[in-house]
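One-letter residues, chain by chain:
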Amino acid sequence: MTDPLNRLSRRAFGVSVLAFGALSAMRVAAAELKPTPTQTLGPFYPIERLAEDDADLTWIKGHAKRAEGSVIQVKGRVLDRYGHPVSGARLEIWQCNSLGRYAHANDVSTMPLDPNFQGYASIRTSAKGEWRITTIKPAAYDSPIGRRTPHIHFDVQGKSHRLTTQMYFSDDDATNSKDLLYQELGGSAERTVAKLGAPGQYDWNVILMDGV
Ligand SMILES: [Fe+2]
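The notes below deal with the structure included here. No experiment lies behind these values; they were computed from the predicted model shown. (Residues numbered from 1 in each chain as written. Predicted model: local features only at pLDDT ≥ 70, side-chain atom pairs only at ≥ 80, totals over all residues. Heavy atoms only, no water.)

## With respect to the packing of aromatic side chains
Moving on, step 1. For the structure on display, the rule yields 7 aromatic pairs.
Moving on, step 2. For the ring pair tryptophan 131 and phenylalanine 154, a centre distance of 5.5 Å and an interplane angle of 65° mean the geometry is edge-to-face. Taken as a pair, tryptophan 131 in strand S4 (residues 130–136) and phenylalanine 154 in strand S7 (residues 152–157) lie far apart in primary sequence, 23 residues in all.
Moving on, step 3. Judged by its relative accessible area of 0%, phenylalanine 154 falls in the buried class.
Moving on, step 4. For the pair phenylalanine 154 and tryptophan 204, a centre-to-centre distance of 4.9 Å together with 65° between the ring planes defines the contact as edge-to-face. Residue phenylalanine 154 is located in strand S7, and its partner tryptophan 204 is located in the loop between strand S10 (201–203) and strand S11 (206–208); the two are separated by 50 residues in the primary sequence. (Phe/Tyr/Trp six-rings, centres within 6.5 Å; stacked < 30°, edge-to-face > 60°. Helix = DSSP H or I, 4+ residues; strand = E, 2+ residues; numbered from the N terminus. Buried < 20%, exposed > 50% of the residue type's maximum accessible area, 1.4 Å probe, protein only.)

## Some points on the nonpolar core
Moving on, step 1. Ranked by internal contacts, the top residues of the largest apolar core, which has 26 residues, are Val74, Val78, Leu91, Ile93, Trp131, Phe154 and Met167.
Moving on, step 2. Elements supplying a minimum of two residues to this core: strand S1 (71–80), strand S2 (90–94), strand S3 (120–124), S4, S7, strand S8 (162–169) and S11.
Moving on, step 3. Filtering out sequence-adjacent residues up to four positions away, leucine 91 remains in contact with Val78, Ala121, Ser122, Ile123, Thr125, Trp131, Phe154, Asp155 and Val156.
Moving on, step 4. Of all hydrophobic cores here, the second largest spans 7 residues; its members include Phe44, Tyr45, Cys96 and Tyr120. (Core = buried A, V, L, I, M, F, W, Y, C linked by side-chain atoms within 4.5 Å. Contact = heavy atoms within 4.5 Å.)

## Re the side chain of threonine 58
Moving on, step 1. Residue placement: threonine 58 occurs in the loop between helix H1 (4–31) and S1.
Moving on, step 2. The exposure class of threonine 58 is buried, given its relative accessible area of 0%.
Moving on, step 3. At 2.6 Å, the side chain of threonine 58 forms a polar contact with the side chain of aspartate 56.
Moving on, step 4. Here arginine 66 takes part through its side chain, which lies 2.8 Å from a polar atom of the side chain of threonine 58. (Polar contact = N/O pair within 3.5 Å; in protein donor to acceptor, adjacent residues only side chain to side chain.)

## Regarding the side chain of arginine 148
Moving on, step 1. Here arginine 148 shows up in strand S6 (residues 146–148).
Moving on, step 2. Its relative accessible area of 4% is what places arginine 148 among the buried residues.
Moving on, step 3. Here tyrosine 168 takes part through its side chain, which lies 3.1 Å from a polar atom of the side chain of arginine 148.
Moving on, step 4. A polar contact is formed between the side chain of arginine 148 and the side chain of aspartate 179, at a distance of 2.8 Å.
Moving on, step 5. Setting aside residues no more than four positions away along its own chain, arginine 148 makes contact with Ala140, Tyr141, Ser143, Gln166, Tyr168, Asp179 and Leu181.

## Some words on the coordination of the iron ion
Moving on, step 1. Taken together, Tyr102 (OH), Tyr141 (OH), His151 (NE2) and His153 (NE2) make up the protein donors of the iron ion, found 2.0 to 2.3 Å from the metal.
Moving on, step 2. Viewed at the metal, the 4 donor atoms of the iron ion are separated by angles of 92 to 166°, and the geometry they form is irregular. (Donors = N, O, S within 2.8 Å, 3.2 Å for Na, K, Ca; no water. Tetrahedral: all angles 85-135°; square planar, octahedral: opposite > 155°, others 65-115°.)

## Focus on the pattern of salt bridges
Moving on, step 1. A full pass over the atoms with the stated rule returns 10 salt bridges.
Moving on, step 2. As a salt-bridge pair, glutamate 68 and lysine 65 come within 3.0 Å of each other at their nearest N and O atoms.
Moving on, step 3. Relative accessible area serves as the criterion here: at 43%, glutamate 68 is assigned to the partly exposed category.
Moving on, step 4. The salt bridge involving aspartate 203 is made with lysine 75; its shortest N-O contact spans 2.9 Å. In this pair, aspartate 203 sits in strand S10 while lysine 75 sits in strand S1, placing the two residues 128 residues apart along the sequence.
Moving on, step 5. A residue is classified by how much of its surface remains accessible, and aspartate 203, at 35% relative accessible area, is partly exposed.
Moving on, step 6. Salt bridges sharing common partners tie together Arg49, Arg90 and Glu92. (Salt bridge = Lys/Arg side-chain N within 4 Å of Asp/Glu carboxyl O.)

Given below as structure tokens:
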């Protein structure tokens, strides 16, 4: 015959397991991050590119001069929506030069190319999901959909989620708000904006749906 006390303690245990489960689910839901919104690849993904694709876009090996423009650093982490770091994620990064010109055959801009600007990087995140680039601040440029505010293109591949997007700069608020693609992001636009810390230092995290 079952001891009534024992039965009671088993029931209490069952109730506490259920309560713990519900609490954990609430914690996970509360901690969930909103994924970085997807944006168009754009017309200037660099199919043709230089041999060099390291994290410093401002120097090309063997060149005597650094790229023209204001040198900046952009760093951050790739996380999944639960805040776990995504290690080994691949980031492809490309942008126009300091005069608004892409090194791409389809860019009809009359602004000159900068032979010392790398324009593209392919890097991977560390074990903590960290990444960092040194580059020059891209210029705004005219396009068929209106003037584009300064931005950097990203294609991020985690282990189970790939995201193509564009990153903007917090100190370009005035022009960001006039950019059609930025406007289309609505309430999620702020998740694409890198925050200026010290002068020339920007921080921006990429949030994937999954990817650990
Ligand atoms: Fe662009």
